[in-house]
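Each chain, letter by letter, is given below.
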Amino acid sequence: MSVRVRWLGHATVVLDVADVRLVTDPLLRRHAGLLRRRGGQAPRPSDWRGADAALVSHLHHDHAELGSLRMLGPVPVLAAPSSAHWLTAHGLDGVALAEGHWCAVGREVRVRTVPAVHGHRPMPHRPNAATGFVVRGGGLTVWFAGDTGPFPGLARVPELAGAPVDLALVPVGGWGPRLSGGHLDPVEAARACALVGARVAVPVHWGTLHAPASRGLPPGWMDRAGRAFAAAVQRVAPGVRPCVLAPGEATEVSPAVPGPRPTGR
């Protein structure tokens, strides 16, 4: 069995695994607050309809966009406890994932949170918990990092998952040419993938959103992070296979052939 991964831009990924469809940090409209989607086109509904659950890493507006979450319909929205309570208070089916506990989605898929460090720019009117997720199903393990800066605890992801990481969905950029704190740049993201021992890595959180007044910014800045990540993987994480997608593109990852696997630790 394989997992099909379709990147819809920014941190939104559709995972189809073991007859379950998960959507990470859904951004399904043309904007997130003041930020605008490149090209002005929203993702095709056919690419995300039929979700069984959503995973929300934190409540920044570009990751927990309420209009987009409501577009998914009455599906469970898995999040850290404080985030889940806030989402429930805003009319969604927030499901609190306590640290160390797994949540079943469908018959064969399990989800749990893993640590992330993203304390920059705290929000005054929303909880500020941040988390990543691991998803296990169909003989595969997926790590969705959410938003995080580099920290040694990332090395524990395989231990917390209880299995080697087959696929990493790792942020490599932002919505401007300069990253604020609490993020991974392309080289840091490549090192994080090596640290967790990922087999395949799809870069996310790049090339999608921009501020309304983006004139005067360096030309081509939106395209750089994906290419830079692939190049960095070759230098610092040679055991990882990078897979750079354009928004709307998909790929499939199959279980590894049995044999020794590097731990990345």
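Reading guide: rules and limits
Residues numbered from 1 in each chain as written. Predicted model: local features only at pLDDT ≥ 70, side-chain atom pairs only at ≥ 80, totals over all residues. Heavy atoms only, no water. Helix = DSSP H or I, 4+ residues; strand = E, 2+ residues; numbered from the N terminus. Rg over C-alpha atoms; globule rule 2.2 N^0.38 Å. Buried < 20%, exposed > 50% of the residue type's maximum accessible area, 1.4 Å probe, protein only. Contact = heavy atoms within 4.5 Å. Areas by Shrake-Rupley, 256 points an atom, 1.4 Å probe, with all protein chains shown as cover. Lys, Arg positive; Asp, Glu negative; His and termini not counted. Charge placed at Lys NZ, Arg CZ, Asp CG, Glu CD. Phe/Tyr/Trp six-rings, centres within 6.5 Å; stacked < 30°, edge-to-face > 60°. Core = buried A, V, L, I, M, F, W, Y, C linked by side-chain atoms within 4.5 Å. Disulfide = S-S within 2.5 Å. Polar contact = N/O pair within 3.5 Å; in protein donor to acceptor, adjacent residues only side chain to side chain. Salt bridge = Lys/Arg side-chain N within 4 Å of Asp/Glu carboxyl O.

A.B. asks: So what exactly am I meant to see when it comes to the overall build of the protein chain here?
C.D. replies: Counting secondary structure elements, the protein chain contains five helices and 17 strands. Its C-alpha radius of gyration of 17 Å places the protein chain within 12% of the 18 Å reference for a compact globule of 265 residues. Once the C-alpha set of the protein chain is aligned to its principal axes, its extents read approximately 50 × 40 × 35 Å. Among the 265 residues that make up the protein chain, the fraction classed as buried is 53%. Within the protein chain, contacts between residues separated by at least 24 positions form 68% of all contacts whose residues are at least 6 apart in sequence. Accessible surface, the protein chain: about 11,400 Å² in total, of which carbon and sulfur atoms supply 54%. Computed over 28 positive and 18 negative side-chain charges, the inter-centroid distance for the protein chain is 5 Å.

A.B. asks: Is there a simple way to think about the packing of aromatic side chains in this case?
C.D. replies: How two aromatic rings sit relative to each other is given by the distance of their centres and the angle of their planes. Applying the stated criterion across every chain, the model contains two aromatic pairs. Ring centres 6.4 Å apart and planes at 10 degrees place the aromatic pair Phe-133 and Phe-144 in the stacked group. Taken as a pair, Phe-133 in strand β11 (residues 131-137) and Phe-144 in strand β12 (residues 140-144) lie far apart in primary sequence, eleven residues in all. On the accessibility criterion, Phe-133 (0% relative accessible area) is buried.

A.B. asks: I'm lost on the nonpolar core in this one. Help?
C.D. replies: The tendency in soluble globular proteins is for nonpolar side chains to be buried side by side. Within the largest apolar cluster, 59 residues are counted, with the highest numbers of intra-cluster contacts made by Val-111, Trp-143 and Leu-167. Beyond its immediate sequence surroundings of up to four residues, Leu-167 is in contact with Val-3, Val-5, Leu-15, Thr-141, Val-142, Trp-143, Val-200, Val-202 and Val-253. Leu-8, Val-75, Ala-84 and Met-123 belong to the second-largest nonpolar core, a separate cluster that totals 21 residues.

A.B. asks: So what exactly am I meant to see when it comes to the state of the cysteines here?
C.D. replies: A covalent bond bridging the sulfur atoms of two cysteines is what the word disulfide describes. A full pass over the atoms with the stated rule returns zero disulfides. The cysteine Cys-243 is free of any disulfide, with Cys-193 supplying the nearest cysteine sulfur at 12 Å.

A.B. asks: Is there a simple way to think about the environment of Thr-24 in this case?
C.D. replies: Its location among the elements puts Thr-24 in strand β3 (residues 20-24). Residues within four places of Thr-24 in sequence aside, it is in contact with Ala-11, Thr-12, Val-13, Leu-55 and Phe-144. Side-chain polar atoms of Thr-24 contact the backbone oxygen of Ala-11, separated by 2.8 Å. From its side chain, Thr-24 meets the backbone nitrogen of Val-13 in a polar contact 2.9 Å long.

A.B. asks: Can you help me understand the pattern of salt bridges in this one?
C.D. replies: Opposite charge on two side chains permits them to pair, given that their charged atoms come into close proximity. The full count for this structure, using the stated rule, is eight salt bridges. Here Asp-166 makes a salt bridge to Arg-199, at a shortest N to O gap of 3.0 Å. Separated by 33 residues along the polypeptide, Asp-166 in the loop between α3 (157-161) and β13 (167-171) and Arg-199 in the loop between α4 (186-196) and β14 (200-204) bring together distant segments of the chain. Residues joined by salt bridges that share partners form a network here, namely Arg-6, Arg-44 and Asp-47.

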